[in-house]
Amino acid sequence: MTRQVLLFICVLSVGSGLGQVSYTIPEEMAKGSLVGNIAHDLGLQTKRLTSGKARIFTRDSDQYIELNRERGVLLVKERIDREALCRQTTPCALHLQIILENPMEFYTVTVQINDINDNAPTFEKNEMRFKISESAVIGAKFVLKRAVDLDVGINDLKSYELKPTDNFSLKLHNNADGNKNVEMVLQKPLDREKQEQISLVLTAVDGGEPQMSGTMLIVITVLDANDNAPVFTQQTYKATVTENSPKGTVVATVTASDADQGSNGRITYSITNTLDDVGRVFEVNEETGEVTLIGNVDFEESRNYQINLLASDEGGLTDSCKLIVDVLDVNDNKPEINIMSKSTVISEDAKLNTVVTMINIEDRDSGENGNMKCFINDDIPFTLKASTNNFYSLVTDSDLDRERASEYNISVTCSDEGVPSLSSSVTLTLQISDVNDNAPVFERSSYEAYIVENNTPGLSIFTVRARDADWNQNARVSYILEDSSVNGVPVSTYVSVSADSGVIHAVRSFDYEQIKDFHFRVKAQDGGSPPLSSNVSVKIMIQDQNDNPPQILYPVQTGGSVVAEMVPRSADVGYLVTKVVAVDVDSGQNAWLSYKLQKATDRALFEVGLQNGEIRTIRQVTDKDVVKQRLTVIVEDNGQPSRSATVIVNVAVADSFPEVLSEFTDFPHDKEYNDNLTFYLVLALAVVSFLFITCLVVIISVKIYRWRQSRVLYHSSLPVIPYYPPRYSDTLGTGTLPHVYNYEVCRTTDSRRSDCKFGGAGSQNVLIMDPSSTGTMQRIQSEKSILDEPDSPLEQKPPNNDWRFTQGQRPGPSGATGGPEVAMGTGPWPQPPTEAEQLQALMAAANEVSEATATLGPGTMGLSTRYSPQFTLQHVPDYRQNVYIPGSTATLTSNPQQQQATAQQATQQALPPPQASAQPEPPKAAQTPASKKKSTKKEKK
């Protein structure tokens, strides 16, 4: 109860300074007792203690004080025994630090422990015996064992009492260290005969409240006379010893002398220290007085020792001295590294000088052995800064980058300045948390991919990949198709991109003939906040498939008409009959065409060029060869699988038209035409044929009358076949392509929707023998003016240069040579109908038919537009430039300037000089409507 009262009336002294607070409390306080309001004394709020995770750091393992964060007070955690904690050291204090985080702060707190009188004085032994000679003189001293009180201050040992005091009195001597030596002094001579043994009680009393005491029994045996006591040579001896010296090391030797002889002069040495560690560390040789080590000497535990030595003879006389032993320090303690507070994770965008860890360094050695320096490993973005009282802060000194290093193992090494130097180290592991500071990066700067046309929608084309150097959600990449258009159509209708995997799928089926390649951009975006992105260009190239068969451009296959290429029987080996022209809208090897002769009336007569499609004779034509030759040519491409198309070429082996007509009038017609359409076509063709024949007969009759020359014409229902002088065939016919061209005119009752086409190149003589069509020729005004001149001479003149055609005017590759200076044919002209007469007759007839049929509407001149855009007029000769008359050397041109020049030259040669020919009229250009007809529609030539 008294102790509790002392607890409550104890005055708590609180000292505050800059980051330092001191408290004073008594020992033996109960657990949970209040030490002080640390929050108030430090000027902190209690929520700061909670948010800062305030805690107590002590160097010792035992914690006597605890912190209550919610109340902001310090409480007693364990019972505090000042004697066990500090022994005789005064003042006795606990030193601790309070650590706060976010931001990191620490404060030093000192708790001084006041002593209470909780320990009574005690003696090492309960009984002490002396042998004293009766001859002992008055004033003889006898050293008694001191009592020890663990308390300090006023609670320490205060006084001694000796009872009874008949023969002896008590004398106290104060030492420099504050202790008291107790001596028993003989004040009355002893008389063994009266009292052989004397018993005394020594009582030790402290100054505490309440007062406490301890006793020891002194038993004195009275002996015979020994009147000389031992005497030490020095009252105080000094010696030094190095810490960690081995056991058995002699520290010092004390010497005492006794004037007595015999057994009374034999001295025995002993150590009289009680209640301390001297008896466990040192021992003295009883006979020699050598003081040696029997335990370990540690400078950090005790820096000096005081050894009380006693010299006694057998007569019981004694003398005492003290030996002061100073312990010398050696560098035997490594620096101690204590992690006060640390962060295991730090963001990569942390600012410079951000505190990561607080470190406390201690070295128990002294002097240079206790001087320390610390450092960390190189090449890391951290540095160690020293603060006060051996405290260090680990802070950042440069920017952090998790992508370069996601974790740091920081080794802190501290070493002292002793010889040899001792060091210790500790490793801190620090994780760098990620910040979204890296955009996704594609594996390539651009992508190219190929896909075969006619693919299945949804087909996976290829995959784009992007990587993000960040981590977790910041590195999660999503793929997005950026908005763009291809030929005016959104690119999303062509391809799609998987958001997670980056797989690009085809949305539609591609056609190489429509689109060969296209571009778009794909964006890669991470999952950070805010998100970062990058994009890449992707090019998709369509690969061609052999999905289009070859298309025959020439010869044009019509439904009802028969086109025959004429080969004279005098044709030599290698004679060019015609050329099959075909195209393939595919590309590459899928468009490489080869021509083969599939069927033939006489395979030994014709062959087809494998690459160019030219049909030539492979032997001399004989009279035995049949007139009507039917060739089936197959055109194949080089694709896999190969596609093909066939065309039928009719060849007439004859020297004149009549025999050709007789053979080709029997060609069967296509039976698949609609009966009604065939009926109207035949009817229209009959009317046009009738008009043509009528006009032709009238023109020929007029010309016969004017020229006063009889002419037996071939009267039949067929067109007039003029006579061809064999000696005046083309002398320039050295080329490989046909020498002449003919117009193919197709007209129906609805001429606005019909086509007028120019046929392909034929042989030197090409006939169109279709009863349902009527051939017309373009009128040349200059020729008409010549024919209409009544006074033109009857005498025929050789043709001029305009009636010759050179090699350069011929169609095809063979027309690349020759010029207007090529020599013209000469020789006598025959009296039968001349070429000029034949030309005049034909042109007049063509003019009349053209005027008569003008009301049917314009036809189309040119190639049909239903062929692929890849085929242009460069594949076939331009039939609109020149018109060749079979069997003659004349060339009719549609060029107004050329016509004018030709007409003027012809007039100068054919007419008398005084008269000038009429100015030629430019031909009317035929309209060409872009009619797109289905393949099933029948075309008439």
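Here the structure is a predicted model, which means the values were calculated and not measured.

A. Geometry of the overall build of the protein chain. A count of helices and strands for the protein chain gives 10 helices and 57 strands. Across the 941 residues in the protein chain, those meeting the buried criterion constitute 45%. Pairs at least 24 apart in sequence give 69% of the contacts found in the protein chain among residues at least 6 apart. A total accessible area of about 48,400 Å² is found for the protein chain, and carbon and sulfur atoms account for 49% of it.

B. Fine view of the side chain of N369. By the element assignment, N369 lies in the loop between β27 (355–362) and β28 (372–376). Overall, N369 belongs to the buried group, its relative accessible area being 14%. Other than its neighbours up to four places away in sequence, N369 contacts D329, V330, N331, D363, D416, G418 and V419.

C. Here's a closer look at a nonpolar patch on the surface. A contiguous nonpolar patch, built from F679, Y680, L683, V687, F690 and L691 and spanning about 640 Å² of accessible area, is present on the exposed surface. Positionally, L683 belongs in helix α7 (residues 675–707). L683 sits in the partly exposed class, given a relative accessible area of 45%.

D. Spatial organisation of the nonpolar core. In terms of nonpolar packing, the biggest core is built from 29 residues, with V495, I504, F518, F520, V522, V538 and I540 touching the most fellow members. When contributions to this core are tallied by element, the ones reaching two or more residues are β34 (446–452), β35 (460–463), β37 (477–481), β40 (495–497), β41 (503–506), β42 (517–526) and β43 (533–543).

E. Inspection of the packing of aromatic side chains at higher detail. All chains considered together, the criterion is met by 14 aromatic pairs. With a centroid separation of 4.8 Å and 25° between ring planes, the pair formed by F106 and F391 is classed as stacked. Of this pair, F106 sits in strand β8 (residues 105–114) while F391 is found in strand β30 (residues 391–396), placing the two residues 285 residues apart along the sequence. On the basis of relative accessible area, F391 is assigned to the buried category, the value being 5%. Here the aromatic rings of F282 and Y305 are separated by 5.2 Å at their centres, their planes lie at 70°, and the arrangement is edge-to-face. One end of the pair, F282, is in strand β21 (residues 282–284); the other, Y305, is in strand β23 (residues 304–313), and 23 residues separate them in sequence. We classify F282 as buried; its relative accessible area is 2%. In textbook terms, an aromatic cluster arises when at least three aromatic residues are bridged by ring pairs, as seen for Y494, F510, F518 and F520. Over the ring of Y512 we find K516; its NZ or CZ atom is 4.9 Å from the centre of that ring.

F. Spatial organisation of the side chain of D625. Within the secondary structure, D625 is located in the loop between β50 (614–617) and β51 (628–637). The exposure class assigned to D625 is buried, which follows from its relative accessible area of 8%. Contacts of D625, omitting those with residues within four sequence positions, involve R569, D602, L605, R619 and Q620.

G. A look at the state of the cysteines. One pass over the full model with this rule turns up 2 disulfides. A sulfur-sulfur separation of 1.7 Å characterises the disulfide bridge that pairs C86 with C92. Every disulfide takes its handedness from the sign of the S-S torsion; for C86 and C92 that torsion is 65°, giving right-handed. Exposure remark for C86: the relative accessible area of 13% places this residue in the buried category. Bridging C374 to C414, the disulfide has an S-S length of 2.0 Å. Measuring handedness by torsion sign, the sulfur bridge of C374 and C414 sits at about 110° and is right-handed. Within this pair, whereas C374 is found in strand β28, its partner C414 is found in strand β31 (residues 407–416), the two being separated by 40 residues in sequence. Across the protein chain, the way the bonded cysteines pair up, counted in sequence order, is 1-2, 3-4.

H. Molecular detail of the sheet that holds strand β49 (residues 606–608). Read across the open sheet, the 3 strands follow the order β46-β50-β49; overall the sheet is antiparallel. For this open sheet the edge positions go to β46 (576–579) and β49, each flanked by a neighbour on one side alone. Strand after strand, the sheet turns through a mean of 20° between neighbouring axes, direction not considered. Here 3 bridges tie β46 to β50, and the two strands are oriented antiparallel to one another. Opposite T578, over in β50, you have I615 as the bridge partner.

I. The environment of V327, seen in detail. With respect to the helices and strands, the residue V327 is situated in strand β24 (residues 318–328). Residues V327 and N244, spaced 83 residues apart in sequence, show a C-alpha to C-alpha distance of 9.6 Å. In contact with V327, not counting residues within four places along its chain, are V241, E243, V297, F299, S302, R303, N304 and Y305.

J. Looking closely at the environment of K628. For K628, the location among the structural elements is in strand β51. Sequence separation between K628 and A652 is 24 residues; the distance between their C-alpha atoms is 5.1 Å.

K. Looking closely at the confidence of the model for the protein chain. Chain-level pLDDT for the protein chain is 74 on average; 70% of the residues reach the 70-or-more range. Under a pLDDT of 50 for its full length, residues 667–673 has, in the predicted model, 13 contacts with residues more than four places off or in other chains. The low-confidence segment residues 852–941, where pLDDT is below 50, has 212 contacts with residues more than four positions distant or belonging to other chains.

L. View of the environment of T383. Its location among the elements puts T383 in strand β29 (residues 382–386). Residue classification places T383 among the partly exposed residues on the basis of a relative accessible area of 26%. C-alpha of T383 to C-alpha of D397: the two residues are 14 residues apart in sequence and 6.1 Å apart in space. Not counting chain neighbours up to four residues away, the residues in contact with T383 comprise I376, S393, L394, V395 and D397.

M. Structural detail: the sheet that holds strand β22 (residues 290–293). The 3 strands lie next to each other as β18-β22-β21, forming an open sheet whose pairing is antiparallel. With partners counted over all chains shown, the strands left at the sheet margins are β18 (250–253) and β21, one partner each. With strand direction ignored, the average angle separating the axes of adjacent strands in the sheet is 20°.

N. Just unusual backbone geometry, in detail. Following K163, the chain continues into P164 via a peptide bond in cis, with omega recorded as -10°. As for its placement among the helices and strands, P164 is situated in the loop between β11 (157–163) and β12 (168–174). For D379, which is not a glycine, the phi torsion comes out positive at approximately 60°. Residue placement: D379 occurs in the loop between β28 and β29. Phi is positive for N472, which is not a glycine, with a value near 60°. Using a relative accessible area of 49% as the deciding quantity, one classes N472 as partly exposed.

O. Just the pattern of salt bridges, in detail. Evaluated as defined, the whole model comprises 17 salt bridges. When the shortest N-O distance is used, the salt bridge between E314 and R266 registers 2.5 Å. You can see E314 sitting in the loop between β23 and β24 and its partner R266 sitting in the loop between β19 (256–257) and β20 (267–271), a full 48 residues away along the chain. Here E314 falls in the partly exposed class, since its relative accessible area comes to 41%. On the basis of relative accessible area, R266 is assigned to the partly exposed category, the value being 48%. Notably, a salt bridge pairs D277 with R280, separated by 1.9 Å at the nearest N-O pair. Note on D277: relative accessible area 25%, which makes it partly exposed. The exposed category is assigned to R280, whose relative accessible area is 57%. Linked through salt bridges whose partners overlap, the residues forming this network are R82, E83 and D115.

Rules used throughout
Residues numbered from 1 in each chain as written. Predicted model: local features only at pLDDT ≥ 70, side-chain atom pairs only at ≥ 80, totals over all residues. Heavy atoms only, no water. Helix = DSSP H or I, 4+ residues; strand = E, 2+ residues; numbered from the N terminus. Buried < 20%, exposed > 50% of the residue type's maximum accessible area, 1.4 Å probe, protein only. Contact = heavy atoms within 4.5 Å. Areas by Shrake-Rupley, 256 points an atom, 1.4 Å probe, with all protein chains shown as cover. Patch = residues over 30% accessible without salt bridge, like charges linked within 9 Å, V, L, I, M, F, W, Y side chains within 5 Å. Salt bridge = Lys/Arg side-chain N within 4 Å of Asp/Glu carboxyl O. Core = buried A, V, L, I, M, F, W, Y, C linked by side-chain atoms within 4.5 Å. Phe/Tyr/Trp six-rings, centres within 6.5 Å; stacked < 30°, edge-to-face > 60°. Lys NZ or Arg CZ within 6 Å of the ring centre and 35° of its normal. Disulfide = S-S within 2.5 Å. Pairing = 2+ DSSP bridges. Axes fitted to C-alpha atoms, helices over the stretch in contact; angles between N-to-C directions. pLDDT = per-residue confidence, 0-100.

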